[in-house]
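# Geometric and topological summary
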Amino acid sequence: MTLLVQCEFRVKRSDNEPEFIRLVRALASAAASEPGTLRYQWFATQRPGHYSILEEYVDADAAETHNGNVGALLVELFSVAELVSVSLYGELNKYLRDWVTGRDGVSIHVPLKG
């Protein structure tokens, strides 16, 4: 089963927006070559300075691999933007279960069984 991730980010200051855009393009470029990444698409929202992303991976392990591959870019991204919310749809592995523990703004959606 695939893992679908939806995140919303808020750019910390309007003058950070060009750097944020540069970083999300670099992240998308990196994700394009990952075999476990099925979708990685950024969107501008109707609120100024707010952006969202839809990520889809073959499974939670592929999402973990992606985060490992782009760790340095994510550090840069979090210097100019903050994570507003995260929604995860699918089965989580230990890495993601640990990541969401105690984190505000996270919703987990598990598939119905049977």
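Residues numbered from 1 in each chain as written. Predicted model: local features only at pLDDT ≥ 70, side-chain atom pairs only at ≥ 80, totals over all residues. Heavy atoms only, no water.

### Details of the pattern of salt bridges
For the record, the criterion: Within this document, salt bridges are pairs made up of a side-chain nitrogen of Lys or Arg and a carboxyl oxygen of Asp or Glu, the two lying within 4 Å of each other.
One pass over the full model with this rule turns up 7 salt bridges. Because the salt bridges share partners, they merge into one network encompassing E19, R22 and E76.

### Some details on the nonpolar core
The following threshold applies: What we call a nonpolar core is a set of buried Ala, Val, Leu, Ile, Met, Phe, Trp, Tyr and Cys residues that are connected through their side-chain atoms within 4.5 Å. To sort residues, take the accessible area from a 1.4 Å probe on protein chains only and compare it with the maximum for the residue type: under 20% means buried, over 50% means exposed, and anything in between is partly exposed. Working definition: helices are DSSP H or I runs of at least four residues, strands are E runs of at least two. Numbering for both runs from the N terminus.
One finds F9, F20, L27, W42 and L77 to be the most contacted residues of the largest nonpolar core, which totals 29 residues. Secondary-structure elements contributing two or more residues to this core are β1 (3-11), α1 (17-32), β2 (37-44), β3 (50-57), α2 (60-69), α3 (71-80), β4 (81-89) and α4 (94-100).

### Brief notes about the sheet that holds β1
We apply this condition: We treat two strands as partners when DSSP finds at least two bridges between them. Inter-axis angles, ranging from 0 to 180 degrees, are taken between N-to-C directions of lines fitted to C-alpha atoms, where helices are fitted over the stretch in contact. The contact definition used throughout considers only heavy atoms, calling two residues in contact when any of these lie within 4.5 Å.
Read from one edge to the other, the open sheet built from 5 strands follows the order β2-β3-β1-β4-β5, with strand pairing classed as mixed. Looking at which strands have only one partner, the edges of the open sheet turn out to be β2 and β5 (106-109). Taken over all neighbouring pairs, the strand axes of this sheet differ in orientation by 15° on average, direction set aside. By the bridge criterion, 7 bridges tie β2 to β3 in an arrangement that is antiparallel. The residue of β3 that forms the bridge with T37 is Y57. In this fold α1 packs onto β1, β2, β3 and β4, with an angle of close to 165° to the strand it touches most, β2. The sheet strands contacting α3 are β1 and β4, and the helix crosses β4 at an angle near 120°.

### Let's talk about α3
Just so we agree on the cut-off: Of all possible arcs, the one meant is that of the directions from the helix axis to the C-beta atoms.
Within α3, burial applies to L73, L74, L77 and V80. All buried residues of α3 fall inside an arc of 125° around its axis, so they share one side. The exposed set on the far side of α3, more than 90 degrees from its buried face, consists of A72 and V75. Next to the buried residues of α3 lie β1, α1, α2 and β4.

### Re the UniProt feature "domain: ABM" (unreviewed entry) in the chain
What counts, and what does not: UniProt positions are given in the numbering used here, feature names are shortened, and annotations may be inferred rather than shown by experiment.
In the numbering used here, UniProt assigns the feature "domain: ABM" (unreviewed entry) to residues 5-68. A helix fraction of 39% and a strand fraction of 36% characterise residues 5-68, whose end C-alpha atoms lie 16 Å from each other.

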